[in-house]
Amino acid sequence: MSFFSSPLDSPSVRLSMLAGLSKKMLGAGSKNDLLDLIDDALSVPAPGGDQGVLEGLARLYRGQVDQVGSVFDQVDRVARKGLPEVWVGDTSVLASDVVNAAGRSVTQMSEAFQGCATVLLTLADAIAAAQRKDEQGRGQLLEQKKTLGGRDGFFDDLHENDEEEWDRKNAAHFGSYAVDLMHAAVSDAQEATRVAARDLNKWAAEARAGKMETSELTAVDKLMLADTGVAGADTELNEILKADDLARASARMDLLSLDDEMAMERMLATSDNPQERAYLMKALAAGHSVAEIGQFQGKIHGKDPDWLRRHLTPVVTAEDSMNDEGLAPDGSNNNKDYATFDGQLWIQGGDGSEGTCVASSTVTSRAMVDPLYALGLTGGPDGQQDDPDAFKQRLVAEQHRLHTEGDGGKNWGGMGPEGQERINDTTVGSATGSDYERQDLNSAADRRAVLTEVEKSVAQGRPVPVDVSGKGAHAMTIIAQEGDKLQVYNPWGSTTWVSEDDFINGHMGKASNNDLSNAYSVYLPR
């Protein structure tokens, strides 16, 4: 048994090797050279995976849907009866709200089981098709090898008559085609696996209440915290606590002293609405002490959910934000949402005039994961301000602070990769518990390969900085994923959605403009 993996275990290595062999076959100068190349191609492993196992797993998931449906029926009957205004759980959640949240949770569970089953069946079909394609290519290679016959001896190899030359070139042509089939099989299997991983990671992130493993909160509390969204917006697109927030808050609850634990539970229990409770837990997830969270609650307690949204959530995603409304003359999407506070954009330089795109993206990313930080910018020291001009001054001052910390360029323009990585670590990573690592993207293959990790990160609620270039360079942030779409925050003050194909094939101008279309690096939170 070997403890070392072969380089050929990597699909990328197999693709590169097969592409090279296909070209070499057409240029093979002798029968023996061609036979060696055929043997090399046959040594490349076929796409792995067991269709039967995948279909069995899909049936297992699908078999749970009916059971979940019966649970939904029971919850629905309770909801229809009407409930008195009683409070349940450690955090004093209204029982009727719990039942409604339970109904939504059961619906999401059913969708998850059905969705996972569909993903696995699609993957099973794709793997089987790739394996058939690979078998077809191998069969043709073996046929050409048989046609060529045995290897030539030393003297045979010195002279090749017209018939032998014809046979060699003919075998090289069909052999190259066969290797192309094998290459396509590996590529198809790799892409199918990537898409399946993306969708399964998303479903896993959506299993939100289960992220809170702490024993310090009741199941009701966990359900309600996971179900709470930003006021006035689609909840599934705007959960206050992302999957990673829930996990970090849960872990920190378990580490609190008895006094801090009791103080935290009192704050949750005395909150005026579900949003206030969720923001308190998000503050805990961002690493703040219970004392700091107590001061934070003093600033937000009694505020209505709309006030909380404006002050604590910089980016709100509209339900129609993924609609295709075509392109503007500059190549950007017409369908954009704007990140604003009382009409003032979350924009670099306060008006778009400065080149602090790295620092500005980082400021907004931190505000998205840390409500105390967001309130410091929007509400000022006392957290009560509703002044867009004062917000603009604080926003620009913070952008300048990070630009300086990252050794940005003169006149508030540009920042090197070392500085960009450093300020993401100290500003965003300190709140999410992540260490950012730069990854260069030198080709479409590099961008395709990094997508799974990018999408998993943002599904969990950890922003991923992305740098784009063309006529100049610009920094933006990938902040969410739905299906094959990525939501991008542009520090020009807007968010929009691009497709995976846009990211891979140089169409990122849809999130900026035609001059900035190529994604050349990302910073992955690890």
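Rules and cut-offs
- Residues numbered from 1 in each chain as written.
- Predicted model: local features only at pLDDT ≥ 70, side-chain atom pairs only at ≥ 80, totals over all residues.
- Heavy atoms only, no water.
- Salt bridge = Lys/Arg side-chain N within 4 Å of Asp/Glu carboxyl O.
- Buried < 20%, exposed > 50% of the residue type's maximum accessible area, 1.4 Å probe, protein only.
- 1 Å grid on protein atoms, 1.4 Å probe; cavity = no way out; pocket = protein on both sides within 12 Å on 5 of 7 lines; lining within 4 Å.
- Points joined across faces, edges and corners; volume = space filled by probe spheres on them.
- Helix = DSSP H or I, 4+ residues; strand = E, 2+ residues; numbered from the N terminus.
- Nonpolar A, V, L, I, M, F, W, Y, C, P; charged D, E, K, R; others polar.
- Pairing = 2+ DSSP bridges.
- Expected span 1.5 Å × (residues − 1).
- Axes fitted to C-alpha atoms, helices over the stretch in contact; angles between N-to-C directions.
- Parallel < 35°, antiparallel > 145°, perpendicular 65-115°, else oblique.
- Contact = heavy atoms within 4.5 Å.
- Phe/Tyr/Trp six-rings, centres within 6.5 Å; stacked < 30°, edge-to-face > 60°.

**Quick notes on the pattern of salt bridges**
Taken as a whole and assessed by the stated rule, the structure comprises 27 salt bridges. Ionic pairing is found between Lys-510 and Asp-502, a salt bridge with its closest N-O pair at 3.1 Å. Given the relative accessible area of 24%, Lys-510 is considered partly exposed. Among the residues examined, Asp-502 registers a relative accessible area of 5% and is labelled buried. Taken together, the salt bridges that share partners define one network made up of Glu-191, Arg-194, Arg-198, Asp-199, Arg-448, Glu-455 and Glu-500.

**Section: the layout of surface pockets**
Over the atoms, a rolled probe matching the size of one water molecule traces out where space is still vacant. Here the second largest pocket defines a volume of roughly 290 Å³. Considering the residues around the second largest pocket, the lining is formed by 13 residues, among which Ser-12, Gln-190, Ala-445, Arg-448 and Ala-449 are closest to the centre. Elements that contribute at least two residues to the lining of the second largest pocket include exactly helix 1 (11–26), helix 5 (162–206) and helix 16 (444–460). The element contributing the most residues to the lining of the second largest pocket is helix 5, with six residues. Each residue belonging to the lining of the second largest pocket can be placed in one class, and the counts come to four nonpolar, five polar and four charged.

**A few points about the pairing of strand 7 (residues 464–470)**
Burial analysis of strand 7 places six of its seven residues in the buried class, the great majority of the element. Both strand 7 and strand 8 (residues 472–482) contribute to a ladder of seven bridges, which runs antiparallel. Bridge pairing in strand 8 links Ser-469 to Ala-473. Taking the residues between adjacent antiparallel strands as the criterion, strand 7 and strand 8 are bridged by one residue. Sheet topology places strand 7 next to strand 11 (residues 516–525); five bridges connect them, and they run antiparallel. Its bridge partner lying in strand 11, Val-466 is registered against Val-522.

**A look at empty space enclosed by the protein**
In total, this model carries two cavities of 30 Å³ or more according to the counting rule given. Computed from the structure, the largest cavity encloses a volume of approximately 480 Å³. Lining the largest cavity are 34 residues, with Leu-237, Glu-239, Lys-242, Met-368 and Ile-479 sitting closest to its centre. Those elements that provide at least two residues to the lining of the largest cavity are helix 5, helix 7 (243–255), helix 9 (274–285), helix 12 (357–369), helix 16 and strand 8. At four residues, the largest contribution of residues to the lining of the largest cavity is made by strand 8. Taken together, the residues of the lining of the largest cavity break down into 18 nonpolar, six polar and 10 charged. By volume, the second largest cavity is sized at about 30 Å³. Lining the second largest cavity are Val-358, Ser-361, Thr-362, Ser-365, Gln-420, Asn-424, Pro-465, Ala-475, Met-476 and Thr-477. Those elements giving two or more residues to the lining of the second largest cavity turn out to be helix 12, helix 15 (417–432) and strand 8. For the lining of the second largest cavity, the leading source of residues is helix 12, giving four residues. Each residue belonging to the lining of the second largest cavity can be placed in one class, and the counts come to four nonpolar, six polar and no charged.

**Details of helix 12**
Here helix 12 spans 19 Å end to end across 13 residues, near enough to the 18 Å set by a 1.5 Å rise per residue. Across the 13 residues that make up helix 12, a large majority, 12, are buried. Taken together, the buried positions of helix 12 are occupied by Cys-357, Val-358, Ala-359, Ser-360, Ser-361, Thr-362, Val-363, Thr-364, Ser-365, Arg-366, Ala-367 and Val-369.

**Regarding the packing of helix 7 against helix 9**
At a closest axis distance of 8 Å, the pairing of helix 7 and helix 9 adopts a crossing angle of 75°. Considering their axes alone, helix 7 and helix 9 lie roughly perpendicular with respect to each other. Counting all contacts with helix 7, which are made through Asp-245, Arg-248, Ala-249, Arg-252 and Met-253, the residues of helix 9 involved are Met-281, Lys-282, Leu-284 and Ala-285.

**Considering the packing of aromatic side chains**
Taken as a whole and assessed by the stated rule, the structure comprises two aromatic pairs. Ring geometry for Phe-341 and Phe-391: centres 5.2 Å apart, planes at 65°, overall edge-to-face. With a gap of 50 residues between them, Phe-341 in strand 4 (residues 340–341) and Phe-391 in helix 14 (residues 388–405) connect regions that are remote in the sequence. For Phe-341, a relative accessible area of 0% puts it in the buried group. Relative accessible area serves as the criterion here: at 0%, Phe-391 is assigned to the buried category.

**Section: the sheet that holds strand 8**
Strands sit in the order 3-10-9-8-7-11-6 across an open sheet of seven strands; the sheet is antiparallel. Only two strands of the sheet have a single neighbouring strand rather than two, namely strand 3 (337–338) and strand 6 (436–440). Strand contacts of helix 12: strand 8 and strand 9 (485–490), with the helix running at about 20° to strand 8, the strand carrying the most contacts. Contacting strand 6, strand 7, strand 8 and strand 11, helix 15 crosses the sheet at an angle of about 145° to strand 6.

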